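Breakdown of the fold
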Amino acid sequence: MSEPRRPIGVFDSGVGGLTVVRALRARLPGEDVVYLGDTARVPYGSKSPRTVERYALACQAFLLARDVKLVLIACNTASANALPALEAASPVPVIGAVAPGAGSALEATTGGHIGVIGTLGTVRSGAYERALAARPGAHVTSLACPLFVPLAEEGWVDDDVARAVARRYLTTLFAADPAIDTIVLGCTHYPLLRDVITATARELARGPVAIVDSATAMAAAAAAALPAVAGSDARTVTPGALACFATDISRLDEIAPRFLGEPISSFELVDL
Ligand code: DGL
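Here's a quick rundown of the structure. Keep in mind it's a predicted model, so treat the numbers as computed, not measured.

What follows concerns the pattern of salt bridges. Across all of its chains, the model carries 13 salt bridges by this definition. In this structure, Arg6 engages Asp67 in a salt bridge whose closest nitrogen and oxygen atoms are separated by 3.4 Å. Residue Arg6 is found in the segment before β1 (8-12), and its partner Asp67 is found in the loop between α2 (49-64) and β3 (70-73); the two are separated by 61 residues along the sequence. Measuring nitrogen to oxygen at the nearest pair gives 2.8 Å for the salt bridge that ties Arg41 to Asp38.

Rendered as structure tokens:
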């Protein structure tokens, strides 16, 4: 007898992790997904590693109580600061954002000059540098770009303000290493600004520049992990269900669909 169908759990500091759910549902449309956004405590990016770890453990415990078969840490800040603690606390496999994002960068880079943009917490952790050290001679330059988060949430992703902010950040990034040929969008929110980041990077770069994001790479990592995961043999042809939970529901109706790219029927308010 096959095991009962179990969902994939995804959590983030807020709604930005819905970019990972979006990529996951595109890649694995038959999978049920449980999403938790810790919207009452967002942002994680400006908080200390100890606090991020504590919050992330509470998020993961919530998902594990819903019998998820796999945990995806959509939040780059939580992945960068809390992956070992989350893995130690989980009986099911845990996929963070950093290794898949770094893997995509290593596939894309031509000259080994990689720029990483993310929150302050992600950049300070040095997690991408450690993951990218797998390539001998890789030259990694990281920059915190905190203003991209509120821009994405406001939906100001393709206007003069977004272009000015992108130009200011990326000018700093390319000043540190003019030979950057690949940029990792190391934050849940940045895929929404992909077009403006790409256009600005192409103006500033010496040559071709590839833009990779951890959301797409995480969906691929989940697809690769699933065959070995218990509860994954009960496939159906019906589209997977999405259940969304949040620790605060203010403005979710307005903001969340921007990240998911489809309407969300509802968020259930929970206390961790
Ligand atoms: N989810 C966070 C990340 O990917 C961005 C928002 C925050 O600072 O909490 O790093």
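Grouped together as the largest cluster of nonpolar side chains are 58 residues, with contacts concentrated most on Val10, Leu18, Leu72, Ile117, Phe148, Ile183 and Ile197. Ranked by residues supplied to this core, first place goes to helix α8 (residues 160-176) with 7 residues. With 21 residues, the next largest nonpolar core counts Cys59, Phe62, Leu63 and Val71 among its residues.

Before going further, it helps to examine the site of the ligand. Around the ligand lies a shell of 13 residues, among which Asp12, Ser13, Tyr44, Gly45 and Thr77 are the nearest. Interatomic distance of 3.0 Å between a backbone N/O atom of Asn76 and an oxygen atom of the ligand. In isolation the ligand has 300 Å² of accessible area, and contact with the protein removes 98% of it. In this structure the site holding the ligand corresponds to the largest pocket. Residues belonging to the shell around the ligand are distributed by class as follows: 5 nonpolar, 7 polar and 1 charged.

A few words on the sheet that holds β1. Taking strand neighbours across the sheet as the criterion, the 6 strands line up as β4-β3-β1-β2-β9-β10 in an open arrangement whose pairing is parallel. For this open sheet the edge positions go to β4 (94-95) and β10 (267-269), each flanked by a neighbour on one side alone. The pairing of β1 with strand β2 (residues 33-37) spans 5 bridges and is parallel. The residue bridging Val10 from the neighbouring strand is Tyr35, located in β2.

Further remarks concern the layout of surface pockets. Approximately 230 Å³ is the volume found for the largest pocket. Lining the largest pocket are 18 residues, and of these Pro43, Tyr44, Gly45, Thr119 and Val149 lie nearest its centre. Elements with a minimum of two residues in the lining of the largest pocket: α3 (76-88) and α7 (148-154). In the lining of the largest pocket, the residues fall into 8 nonpolar, 8 polar and 2 charged. Along its surface, the second largest pocket is lined by Gly14, Val15, Thr39, Val42, Glu153, Asp248, Ser250, Arg251, Leu252 and Ile255. Here the lining of the second largest pocket is built from residues that sort into 4 nonpolar, 3 polar and 3 charged.

What counts, and where the lines are drawn
- Residues numbered from 1 in each chain as written.
- Predicted model: local features only at pLDDT ≥ 70, side-chain atom pairs only at ≥ 80, totals over all residues.
- Heavy atoms only, no water.
- Salt bridge = Lys/Arg side-chain N within 4 Å of Asp/Glu carboxyl O.
- Helix = DSSP H or I, 4+ residues; strand = E, 2+ residues; numbered from the N terminus.
- Core = buried A, V, L, I, M, F, W, Y, C linked by side-chain atoms within 4.5 Å.
- Buried < 20%, exposed > 50% of the residue type's maximum accessible area, 1.4 Å probe, protein only.
- Near = heavy atom within 4 Å.
- Polar contact = N/O pair within 3.5 Å; in protein donor to acceptor, adjacent residues only side chain to side chain.
- Areas by Shrake-Rupley, 256 points an atom, 1.4 Å probe, with all protein chains shown as cover.
- 1 Å grid on protein atoms, 1.4 Å probe; cavity = no way out; pocket = protein on both sides within 12 Å on 5 of 7 lines; lining within 4 Å.
- Sits in = over half its atoms within 2 Å of the grid points.
- Nonpolar A, V, L, I, M, F, W, Y, C, P; charged D, E, K, R; others polar.
- Pairing = 2+ DSSP bridges.
- Points joined across faces, edges and corners; volume = space filled by probe spheres on them.

Geometry only, nothing functional implied.
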